[in-house]
Amino acid sequence: MKIPNWIREELILVLDLYLKNRKHFTSIPKSVLDEYSNLCKKLHPQHYSDTEPNFRSASAIYIKLESFRCIDPEWPEHSGLGNLGQNTISIWNELSNNPNEVAVLAGKIKRSIKESI
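Residues numbered from 1 in each chain as written. Predicted model: local features only at pLDDT ≥ 70, side-chain atom pairs only at ≥ 80, totals over all residues. Heavy atoms only, no water.

1. Observations regarding helix α3 (residues 58-71)
An α-helical turn contains 3.6 residues, so a residue and the one three or four places further along point in the same direction.
Okay, so step 1: The first and last C-alpha atoms of α3 sit 21 Å apart over 14 residues, in line with the 20 Å expected at 1.5 Å per residue.
Okay, so step 2: Burial in α3 covers these residues: Ala58, Ala60, Ile61, Lys64, Leu65, Glu66, Ser67, Phe68, Arg69 and Cys70.
Okay, so step 3: For α3, the elements touching its buried residues are α1 (8-20), α2 (30-42) and α4 (86-95). (Helix = DSSP H or I, 4+ residues; strand = E, 2+ residues; numbered from the N terminus. Expected span 1.5 Å × (residues − 1). Buried < 20%, exposed > 50% of the residue type's maximum accessible area, 1.4 Å probe, protein only. Contact = heavy atoms within 4.5 Å.)

2. A few points about unusual backbone geometry
Okay, so step 1: Backbone geometry places Arg56, a non-glycine residue, at a positive phi of 50°.
Okay, so step 2: Position of Arg56 among the secondary structure elements: in the loop between α2 and α3.

3. Some points on the side chain of Ser96
Okay, so step 1: For Ser96, the location among the structural elements is in the loop between α4 and α5 (99-115).
Okay, so step 2: Since its relative accessible area comes to 8%, Ser96 is described here as buried.
Okay, so step 3: Polar contacts involving the side chain of Ser96 include one to the main-chain carbonyl oxygen of Trp92, which spans 2.7 Å.
Okay, so step 4: Beyond its immediate chain neighbours, meaning those up to four positions away, Ser96 contacts Leu15, Leu19 and Ile91. (Polar contact = N/O pair within 3.5 Å; in protein donor to acceptor, adjacent residues only side chain to side chain.)

4. Observations regarding the confidence of the model for the protein
Okay, so step 1: Scored by pLDDT, the protein has a mean of 88; 86% of the residues are at 70 or more.
Okay, so step 2: α1 holds the highest mean pLDDT among the elements of the protein, 97, whereas α3 holds the lowest, 93. (pLDDT = per-residue confidence, 0-100.)

5. So, the side chain of Lys110
Okay, so step 1: Locating Lys110 in the fold gives a position in helix α5.
Okay, so step 2: If near-sequence neighbours (up to four positions away) are discounted, Lys110 is found in contact with Leu13, Asp16, Tyr36 and Leu39.

6. Regarding the pattern of salt bridges
Okay, so step 1: Inspection of the entire model under this criterion finds 8 salt bridges.
Okay, so step 2: With a shortest N-O distance of 3.5 Å, Glu74 and Arg22 are connected by a salt bridge. With Glu74 in the loop between α3 and α4 and Arg22 in the loop between α1 and α2, the pair connects residues that are 52 residues apart, well separated along the chain.
Okay, so step 3: The partner of Lys30 in a salt bridge is Asp34, and the shortest N-O contact between them spans 2.8 Å. Pair noted here: Lys30 and Asp34 are both in helix α2, with a separation of 4 residues, about one helical turn.
Okay, so step 4: What emerges from the salt-bridge pattern is a single network uniting Arg22, Lys23, Asp72 and Glu74. (Salt bridge = Lys/Arg side-chain N within 4 Å of Asp/Glu carboxyl O.)

Shown next as structure tokens:
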């Protein structure tokens, strides 16, 4: 099964994590990456199962954090990661200058996920 593209809600969650840890995201604990991995998986119940443990894994969350760093003007020396995806760039351009709005949106997404369980 083809892994689906990252959707808006997932990107907002990971952007929120990135913006809150912008200067030191490389030291985000694995437990936090696992938490965001689980949140993203819950947004795709039709694609995730125990037979697809690598879907939106903690490593995938970390790679998406790296993607945001590559387009972050505060880190010009890290530009160059290849195929970032148009959705990633669009979310960055739309929301990265407003971390408070991102935090509010991420909070709503988290609550929605918890309510749907």
